[in-house]
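# Close look at the chain arrangement
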Amino acid sequence: MPMPPRRRTVASSFLFLLLLLMAIASFGDKAELDTRGAERSALLRFKGHVSADPAGLLRRWGPGPDHCSWPGVGCDGRSRVVSLNISAKDGGFLLPCSRSGPFRRSCSDPRRRLAGTLSSAVGYLSELRVLSLPFHGFDGVIPGEVWGLENLEVLDLESSSFSGRLPSLFPRKLRVLNLGSNLLQGEIPPSLSRCVELETLDLSGNQINGTIPGFLNGFSKLRELYLSFNRLGGSIPEKIGYGCRSLQTLDLSGNLLVGSIPTILGNCAKLRVLLLSSNLLDGSIPSELGRLSKLEVLDVSRNRLSGFVPAELGNCLELFVLVLLNLHDPMSDDEASNSVDKDEFNNFQGKLAENITALPKLRVLWAPRATFEGEIPGNWGSCESLETVNLGENRFTGMIPKVFGQCRKLRFLNLSSNNLVGCLDKELPVPCMNVFDVSGNQLSASIPRSTHKQCPSSRIPADDLSSSYSSFFAYKSRSGLALPFPETAGEFFIYHNFGRNNFTGTLPSLPLDNHRHANQTIYAFLANGNHLSGSLSAFALEMCNKVNHLIIDIGNNMISGGFTSEVGAKCRSLVVLKVASNQISETIPASIGLLENLVSLDLSRNWLQGEIPASLKQLQSLKYLSLAGNNLSGHVPPGLGQLKSLKVLDLSSNSLTGYIPSDLVKMENLTTLLLNNNNLSGIIPSAFAKVASLSRFNVSFNNLSGSLPFNASTLRCDSLHGNPFLQSCRIYALSVPSSDLLGSSQSSPPFTNSLPGNSSDDSSSGGFSSVEIAAIASAAAIVSVVLALIVLYIYSRKWIPRPPIGASGRKEVTVFVDIGVPLTYESVVQATGGFNASNCIGSGGFGATYKAEISPGVLVAIKRLAVGRFQGVQQFHAEIKTLGRWRHPNLVTLIGYHVSDSEMFLIYNYLPGDVYSYGVVLLELISDKKALDPSFSPYANGFNIVTWACMLLQKGRAHEFFTEGLWDVAPHDDLVGTLHLGVKCTVESLSIRPTMKQVVKKLREIQPPHYGHAAVDGTWPHRRPTGSSCKGYCFKDDSTTKECWKGTSSV
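Residues numbered from 1 in each chain as written. Predicted model: local features only at pLDDT ≥ 70, side-chain atom pairs only at ≥ 80, totals over all residues. Heavy atoms only, no water.

Now for the sheet that holds strand β8 (residues 161-163). Here we have four strands laid out as an open sheet, ordered β1-β4-β6-β8, and mixed in their pairing. Looking along the sheet, the strands with just one partner apiece sit at the ends: β1 (50-52) and β8. Taken over all neighbouring pairs, the strand axes of this sheet differ in orientation by 15° on average, direction set aside. Of the pairings in the sheet, the one linking β1 to strand β4 (residues 115-117) comprises two bridges and is antiparallel in character. Within the sheet, the bridge partner assigned to Val50 lies in β4 and is Gly116. (Pairing = 2+ DSSP bridges. Helix = DSSP H or I, 4+ residues; strand = E, 2+ residues; numbered from the N terminus. Axes fitted to C-alpha atoms, helices over the stretch in contact; angles between N-to-C directions.)

Okay, the packing of aromatic side chains next. With the rule as written, the count across this model stands at 24 aromatic pairs. Here Phe688 and Phe697 contribute two aromatic rings whose centre-to-centre distance is 5.2 Å and whose plane-to-plane angle is 45°, an arrangement assigned as tilted. With a relative accessible area of 6%, Phe688 lands in the buried category. The structure contains a cluster of three or more aromatic residues connected by ring pairs, namely Phe46, Trp61, Trp70, Phe138 and Phe162. (Phe/Tyr/Trp six-rings, centres within 6.5 Å; stacked < 30°, edge-to-face > 60°. Buried < 20%, exposed > 50% of the residue type's maximum accessible area, 1.4 Å probe, protein only.)

One pass over the full model with this rule turns up 15 salt bridges. In this structure, the salt-bridge partner of Arg395 is Glu373, at a minimum N-O distance of 3.5 Å. Of this pair, Arg395 sits in strand β24 (residues 395-398) while Glu373 sits in strand β22 (residues 373-375), and the two are 22 residues apart along the sequence. When its relative accessible area of 38% is taken as the criterion, Glu373 is described as partly exposed. Salt bridges linked by common partners bring Arg231, Asp973 and Asp974 together as one network. (Salt bridge = Lys/Arg side-chain N within 4 Å of Asp/Glu carboxyl O.)

Taken together, three strands build an open sheet; the order of strands is β16-β18-β20 and the sheet is parallel. Bordering the open sheet on either side are β16 (282-283) and β20 (347-349), each of which pairs with just one other strand.

Bringing helix α14 (residues 996-1005) into the picture now. For an α-helix the count is 3.6 residues per turn, leaving residues at separations of three or four pointing the same way. Along α14, the positions that sit buried rather than exposed are Gln998, Val999 and Leu1003. Taken end-on, α14 shows its buried residues confined to a sector of 140°, consistent with a single buried face. α14 presents Lys997 and Arg1004 as exposed residues on the side facing more than 90 degrees away from its buried surface. Packing partners of the buried residues in α14 comprise α10 (916-927) and α13 (972-984). (Arc of directions from axis to C-beta. Contact = heavy atoms within 4.5 Å.)

The next point concerns the state of the cysteines. A full pass over the atoms with the stated rule returns three disulfides. Each sulfur in the disulfide pair Cys244 and Cys268 lies 2.2 Å from the other. Its S-S torsion of about -100° marks the bond between Cys244 and Cys268 as left-handed, since a negative value means left-handed. Separated by 24 residues along the polypeptide, Cys244 in the loop between β13 (224-226) and β14 (249-251) and Cys268 in the loop between β14 and β15 (273-275) bring together distant segments of the chain. (Disulfide = S-S within 2.5 Å.)

Let us now look at the environment of Ser163. Tracing the backbone through its elements, the reader meets Ser163 in strand β8. Judged by its relative accessible area of 27%, Ser163 is partly exposed. As for Ser163 and Leu183, which are separated by 20 residues in sequence, their C-alpha atoms are 4.7 Å apart. Apart from residues lying up to four places away in sequence, Ser163 is in contact with Gly140, Val141, Ile142, Leu183 and Leu184.

Across the protein, the average pLDDT comes to 79, with 75% of residues at 70 or higher. Ignoring residues within four places in sequence, the model shows residues 333-342, a span with pLDDT below 50, making 17 contacts including any to other chains. In the predicted structure, residues 731-746 sits below a pLDDT of 50 and forms 43 contacts with residues beyond four places in sequence or in another chain. (pLDDT = per-residue confidence, 0-100.)

Moving on to a nonpolar patch on the surface. On the surface, Ile841, Leu859 and Tyr910 cluster together to form a nonpolar patch covering roughly 230 Å² of accessible area. Topologically, Ile841 is positioned in strand β44 (residues 840-844). Taking the relative accessible area as the measure of exposure, Ile841 reaches 43% and is therefore partly exposed. (Patch = residues over 30% accessible without salt bridge, like charges linked within 9 Å, V, L, I, M, F, W, Y side chains within 5 Å. Areas by Shrake-Rupley, 256 points an atom, 1.4 Å probe, with all protein chains shown as cover.)

Okay, structure coming up:
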């Protein structure tokens, strides 16, 4: 039966719709397939821009249509790419790899590190929500297509080499923006303010300049803000404190921020980490920070803060890291530059509050050279967590608190260079400490034997921020000691310093836990400069075989006895042995030649006798050998020339006879050879004239004969005196004898015996033997007689005598301030090189000023006055004595003076004075204004170029400071850096003003612009092109001026 027309119509319509739906579905599937194919193609283009893939992370990217199964690629249910996550982070670092903290370094694994450029094809992944490629080696600019990914929520490109500027538009849905540790420049654009969903913003470790934008307070969900180690200037905006209800981490360290720490930060109730170190912040630490009840880490070091450390910080009950000062540069990665950096200008006052030390979770307290006074607080709570404490170089008095004996996890305790008295508690867990330093105090009694038998474990999570700080300080302290031997991987360093105190009694047992690290330990025990007695042999043998490398310094004590023959067989771990200025007697055993690891041996100024053992030639690692000031006899042993590593050989002031061995010239690294004050005979080997490395040579007061070595540029007349049969020195000089003549070896042994940043007056190189004292007395007597005869002759020729200025025959120095070393006329003249022009650091109307190093590390300034400009000895003495009583932190200190008919000079403490003036001149140059420019008249009295610069910096208007047109043609970050340097040179307090050496260092860090001729379009290049031979500036001038200045590239 035929179908009715209506039903046929309905059926036809249904069939048509069904076919239409099938067509649409087919079209949709095809479009979906096309999209997935496009995304697969985009991923392959991403791979194509990767130039290095050492681990083969992208090896499986290729055959097969299912790109969602490729490593690092994540897709949704429709097979659309939503994440690209490939990390090269290495989890095997010994040091913590935290995002914040003192370390700024890459944590990438070179074996996983991709290199190349980021392909713009990533922009075709329109559904991408996560783009995470941290710790790789990508360079070039970030493609603009990335910023057009509207669905992007996480962008993590940390620790690559991306350059360029931040974009004008950002994806609105961003929750995480991590571009830390790249090479990005420019300012933070205002368009970032529209990313209101941001939870983490990391722009640290770039070259971002400008100021911290105020719109950051609009990010109500922001939990982490990292802007550290950039070139941001201006002040910390107050607005941050009004929109920080979610903020947990605020890291602004390593910038050029000025002004004070905003008190409004006390409103950030959830703040856990506050890092403000390495800026130019001034004022005091706000007491309002005590309201941060969840604060865990506070670092305000390396600023210009002053005043009292607020006791309210004791209310931060979660605080476990507190860093108030830090003498180590966190930006320095080169191990050779780990010496102490002086850019720490914080200068606090008063006492360290007890409720701070009593914080229940405190792990790290770092405050060396903070000028704290009073006693070290006795309340440290239960100190269950305490691990690292550095209160060295303060002004603490009283005794060491006994509570430290209860701190079982304490591994680093530095109380050096204070005024502590009393005795050490035997409960102190010294054997469990990696660093224990109480040197440079007034501690007395004996060094006790510790009661601790076993040390508890103190393992900390590898990514914990307190571990990052503890590791940083331990690493910097260790590297600054300049160990004289290569370290083996896995060795553990332990450093115990009891030196420069008043300890008495016999030598203690070495305070070392036998169970710690077995034979993988480097152990340094220092107890020099005390009153210790006892036998050397029993002490030295005790721990020799329980450590891998052993360093011992017990010089300047009253230790007696001698070496046993067992020392060589049982102490092969010994690398440094310093026992100078003791009472060591008997002979040096031949077995000492078995100490194959020995690098430094100092037995000077003892009572040793007998011959120098020939077995010393076996010590092939030896770099420093001093046997001076003993009673050794016999010949200088042959074969010492085999010591190819030896740099210093001091055998002076003994009773050695025979010839100077000719094989000594074979020591190719020898810089110092002192053989003076012996009974050596024969000639000086002519080959010494060809030893290029030799800079100090002294054979005075022997029985040498013959001619001098030809072209002996290292020989000075005062290093040859006292050899009556030696050819006369051709150069005659009326000068004070050099230190070599007195037999003192000032070449330092290859080991620094104090932690970096600690004062050290190692007196082991001081003192004179009886022979030296006799020589000095004889010389002084001769000089006095000659001067008296000269004075008598002059006065007998005068009919009308002149009014005397002083006692011309007496070379006395009046001293007002004890600087720790004797100040004599002879020592001053010697230290200035006889007022040599090479030591002149300035001159004026009344004379010249000279730099003088009275003893190693002790610098003074000598103002040599022009004789005749002062009349009346009584008035001169009165005025000088009045000046000697003045003390002020901003004035140089008059240490002493000398006055006679022929010589007048003043002695001051050595300070960088030529610095403030340089800062003012620098500010004048870049602003084209005078120090007291008429344009400052609308402001208050006393307003000058320095206060103008500070005002503009605080208001974020640094660009207004520069002369017209300079801001438009030169790199802004370089200009602002130069402005900050000028301001830093003009700080009021001399104690925090940088030295010229530091100024030069900063100038070298500021890369100069390339002021060459303009390009075709009239623009000026900001940088000197890579590979250019032009070093320094090219001047903008007429067409005939095309030569580049060949001076330094810094100024």
